[in-house]
Amino acid sequence: MLCRLKLLRRHLRLLSSHLTIPPSPPSPHLLLHRFLSFDSHPHPNPQNSLLHFTRDGNFDEHASNTHQICPGCGVHMQASDPKLPGFFTKPSPKTPTYKPQLKRLPIAEEPEFSDSLKRGGIIELDDNDNENEDGVENGTLFGAVKPIVCARCHSLRYYGKVKDREVENLLPDFDFESTVGRKMSRASGSRCVVMMVVDGVDFDGSFPKKVARIVSETIEGNLRAWKEGKPGNVPRLVLVVTKIDLLPTRMVSPTGLEHWIRQRAREGGAGKVTSLHMVSAVRGWGVKNLVDDVVRLVGARGSVWAIGAQNSGKSTLINAIGKCVGGKVLHLTEAPVPGTTLGIIRVEGILPGNGKLFDTPGLLHPHQITTRLTREEQKLVQINKELKPRTYRIKAGHTIHIAGLMRLDVDELTVDSVYVTVWASPHLPLHMGKTENAHRTLEDHFGRQLQPPIGDKRVDELGKWVRREFHVTGNSWESSSVDIAAAGLGWFAIALKGEAVLRVWAYDGVEVVRRNALLPYMSRYFEEAGFTVSKIVSQADQALNISRRQAEKKRPSEAESTPHSVPLRLTFDAAISSC
């Protein structure tokens, strides 16, 4: 009986395996659930998910009400995928025993020392200060609400680096023409002011030529229509040159600097500049005059768009404007990292009336050398202190290196010598030697004594070494007449009384321009041949000496282990000499 039951079960299994039962059609509710789940969940591949990434931020009031925007960078915040921009962690709810930070008042605001303070007591927050009007704990100094920012802004603010470098490289570039340019070109509507921010120590590298061309064409077109009696809303272009505190103020004439900036701006495509301001957001120089001018131009309902290259100082400038206007504290993320702002941020409470101020993502300039460098290499290239000249007096057939990033060859001269002044970060080592030895310098010292690039592998990763030729003339030995500048790095200032043929080497794709001298002055003391005194050079020399000592220690041990190898070589050399 048991055997028959087993055979029957086996036949039933075989029969069921050969039969195909059509699946029942899914219900409409199930299909809707599948569609919504597919659309709402992030794609596992970050590159595919970034195809729908937007940089619109909160410039639209409806978008700002429906999406949570990071107040630091302007990206749409999300809590589902830590690999995508805008990820944030929701703060944990506070327990009843949670104590907020203590309220420490500056001494200047206290009329006198209280008895509790004399006894060593601490001023604590009152019950009314612990909660705002909505009953939510502030937990910060003076009742200010601490903003919730994305994980990327948190990492930039407290650690000075981005969260994920791979995702950072996949972010699309900010398209000025399709966002701001489209709104600016409208014939009707409120006034539009474009505040174009340019780095004072990297003017040509950070100058947005495409934006200047679009704005100038819009101004000319709308102005022509307005003269013909048609509606024409003419935008205003305000050129703001930041970081002027990094220029040697004792050597710079404000009038001469303004003339130089206007000339370079016209050559860059900005022919219709309404006003020019030279400011220092760090020290507050010129910020008040800039605010007064922008308020006058924008009117009661206009819009101000802050445009500039990555790391040109836009967010720092807007934060300085907020402090200047009633001491308003803004929360824009500031970091010495290119591309800090990701989306358009509408800054409230800065302009009077219904005026609006927008901070936009930094424009990507691939021709800047800093876009190819690592974070450690960028720290060496970025200028954070006042520039100081380093001057050489050299003859034809000699070469000057700025780290491993730029090289100048003096090929021909109609005079005996030429003065070359280097304006770059003081952290970058320099080297002067003969041109015939330049190739050996590249092989022996690039990535070591001449950094950046840092390491031998980085030399090949930066690209191909390309040569450019410049014919230079001058009429004075005492001041420089011509600059040869590399975008994102610095420049050579040339002073001579005659003619010269110069050859400049840089990596392929890095913009190298010739211009009138920005700083015609030179150093009192001249640099000598060889390497300049630098921490990088000293550390590289120490590492080289250690490796040589280790190699010398290995040689005696190798000779003892193979005693017959040395006599054989000596007898072979003796036989050759005797012949």
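Only a predicted model underlies this, so the values are computations on that prediction, with no experimental measurement involved.

### Quick word on the overall build of the protein
- Counting its secondary structure elements, the protein contains 19 helices and 16 strands.
- Residues classed as buried in the protein amount to 43% of the 579 residues present.
- Once local pairs closer than 6 in sequence are excluded, the contacts in the protein between residues at least 24 apart make up 74%.
- Roughly 33,400 Å² of accessible area belongs to the protein as shown, and the carbon and sulfur atoms make up 53% of that amount.

### A closer look at the sheet that holds strand β6 (residues 356-359)
- Read across the open sheet, the six strands follow the order β3-β2-β1-β4-β6-β5; overall the sheet is mixed. Because the sheet does not close on itself, it has two edges, and the strands there are β3 (275-278) and β5 (345-347). In this sheet, neighbouring strand axes are inclined to one another by 25° on average, regardless of whether the strands run parallel or antiparallel.
- Pairing of strand β4 (residues 303-308) with β6, which is carried by four bridges, proceeds in the parallel orientation. Bridging across to β6, Ala 306 finds its partner in Asp 359.
- Relative to strand β1 (residues 192-199), helix α11 (residues 209-227) is tilted by about 155°, and along the sheet it contacts β1, β2 (236-242) and β4.

### Details of empty space enclosed by the protein
- For the coordinates displayed, the defined rule picks out five cavities of 30 Å³ or more.
- Of the voids in this model, the largest cavity is the one considered here, and its volume is about 70 Å³.
- Asp 202, Gly 205, Ala 485, Ala 486 and Arg 515 are, among the 14 residues lining the largest cavity, the residues nearest its centre.
- Only α10 (203-206), β13 (482-486), β14 (490-507) and β15 (512-516) provide two or more residues apiece to the lining of the largest cavity.
- Here the lining of the largest cavity gets three residues from one element, more than from any other, and that element is α10.
- For the lining of the largest cavity, the class distribution of residues is eight nonpolar, two polar and four charged.

### Topic: helix α12 (residues 254-268)
- Over its 15 residues, α12 runs 21 Å from end to end, which matches the ideal 21 Å to within 8%, given 1.5 Å per residue.
- In this fold, the buried residues of α12 make contact with α10, α11, β2, β3 and β15.

### Comments concerning the pattern of salt bridges
- Per the counting criterion, the structure on display carries 18 salt bridges.
- The closest approach of N and O atoms between Arg 264 and Asp 204, which form a salt bridge, is 2.4 Å. Taken together, the residues span a long stretch of sequence, with Arg 264 in helix α12 and Asp 204 in helix α10 at a distance of 60 residues.
- Look at Arg 264 and you get buried, because its relative accessible area is 13%.

### A few points about the nonpolar core
- Of all hydrophobic cores here, the largest spans 44 residues; its most connected members are Ile 402, Leu 489, Phe 492 and Ile 494.
- Element by element, the count of residues in this core is highest for β14, at nine residues.
- In this structure Ile 494 touches Leu 408, Val 418, Tyr 419, Val 420, Val 472, Ser 480, Ser 481, Val 482 and Leu 502, once residues within four positions along its chain are discounted.
- Within the second largest apolar cluster, 40 residues are counted, among which are Phe 207, Leu 239, Leu 257 and Val 513.

### Quick word on the side chain of Ser 480
- Within the secondary structure, Ser 480 sits in the loop between β12 (465-476) and β13.
- Residue Ser 480 is classed as buried on the basis of its relative accessible area of 5%.
- If we skip the residues at most four places from it in the chain, Ser 480 touches Thr 421, Ala 493, Ile 494, Ala 495, Ala 517, Leu 519 and Pro 520.

### Overview of the packing of aromatic side chains
- Enumeration over the complete set of coordinates arrives at eight aromatic pairs.
- Judged by centre distance (5.5 Å) and plane angle (50°), the rings of Tyr 419 and Phe 526 are tilted. On the criterion of sequence distance, the pair formed by Tyr 419 in strand β10 (residues 418-423) and Phe 526 in the loop between β15 and β16 (530-531) is long-range, its members being 107 residues apart.
- Accessibility expressed as a relative area gives 39% for Phe 526, which makes it partly exposed.
- Look at Trp 423 and Trp 491: their rings are 6.2 Å apart centre to centre, the planes differ by 20°, and that puts the pair in the stacked class. Pair noted here: Trp 423 is in strand β10 and Trp 491 is in strand β14, with a separation of 68 residues, a long-range link. In terms of burial, Trp 423 and Trp 491 fall into one category: buried.
- Following the ring pairs from residue to residue traces out a cluster consisting of Phe 203, Phe 207 and Trp 260.

### Describing the confidence of the model for the protein
- In this model, the protein carries an average pLDDT of 75, and 64% of its residues clear a pLDDT of 70 or more.
- Low confidence marks residues 562-579, where pLDDT is under 50. Its contacts with residues over four positions away, or in another chain, come to zero contacts.

### Focus on the packing of helix α13 (residues 287-298) against helix α14 (residues 314-324)
- Look at α13 against α14: their axes get within 10 Å of each other, and the N-to-C directions meet at 85°. Compared by their axis directions, α13 and α14 come out roughly perpendicular. Side by side, α13 and α14 meet where Val 287, Lys 288, Leu 290 and Val 291 of the first sit next to Leu 317, Ala 320, Ile 321 and Cys 324 of the second.
- Residues belonging to the contact of α13 with α14 are distributed by class as follows: seven nonpolar, no polar and one charged.

### Some remarks on unusual backbone geometry
- Backbone torsion omega between Gln 451 and Pro 452 reads -10°, so that peptide bond is classified as cis.
- Mapped onto the secondary structure, Pro 452 falls in the loop between α16 (438-445) and α17 (456-461).
- In this chain, Pro 452 is followed by Pro 453 through a cis amide linkage whose omega measures 5°.
- Looking at the secondary structure, you find Pro 453 in the loop between α16 and α17.
- Phi angles above zero are rare outside glycine, and Asn 311 is one such case at about 65°.
- Checked against the element boundaries, Asn 311 lands in the loop between β4 and α14.
- Phi at Ala 403 is positive, roughly 50°, even though this residue is not glycine.
- In this fold, Ala 403 is placed in the loop between β8 (398-402) and β9 (406-413).

### Let's talk about the environment of Pro 366
- Along the chain, the position of Pro 366 falls in the loop between β6 and α15 (375-381).
- Pro 366 gets classed as exposed once you look at its relative accessible area, which sits at 53%.
- With residues near it in sequence (within four places) discarded, Pro 366 still touches Thr 371 and Gly 509.

Basis of the calculations
- Residues numbered from 1 in each chain as written.
- Predicted model: local features only at pLDDT ≥ 70, side-chain atom pairs only at ≥ 80, totals over all residues.
- Heavy atoms only, no water.
- Helix = DSSP H or I, 4+ residues; strand = E, 2+ residues; numbered from the N terminus.
- Buried < 20%, exposed > 50% of the residue type's maximum accessible area, 1.4 Å probe, protein only.
- Contact = heavy atoms within 4.5 Å.
- Areas by Shrake-Rupley, 256 points an atom, 1.4 Å probe, with all protein chains shown as cover.
- Pairing = 2+ DSSP bridges.
- Axes fitted to C-alpha atoms, helices over the stretch in contact; angles between N-to-C directions.
- 1 Å grid on protein atoms, 1.4 Å probe; cavity = no way out; pocket = protein on both sides within 12 Å on 5 of 7 lines; lining within 4 Å.
- Points joined across faces, edges and corners; volume = space filled by probe spheres on them.
- Nonpolar A, V, L, I, M, F, W, Y, C, P; charged D, E, K, R; others polar.
- Expected span 1.5 Å × (residues − 1).
- Salt bridge = Lys/Arg side-chain N within 4 Å of Asp/Glu carboxyl O.
- Core = buried A, V, L, I, M, F, W, Y, C linked by side-chain atoms within 4.5 Å.
- Phe/Tyr/Trp six-rings, centres within 6.5 Å; stacked < 30°, edge-to-face > 60°.
- pLDDT = per-residue confidence, 0-100.
- Parallel < 35°, antiparallel > 145°, perpendicular 65-115°, else oblique.

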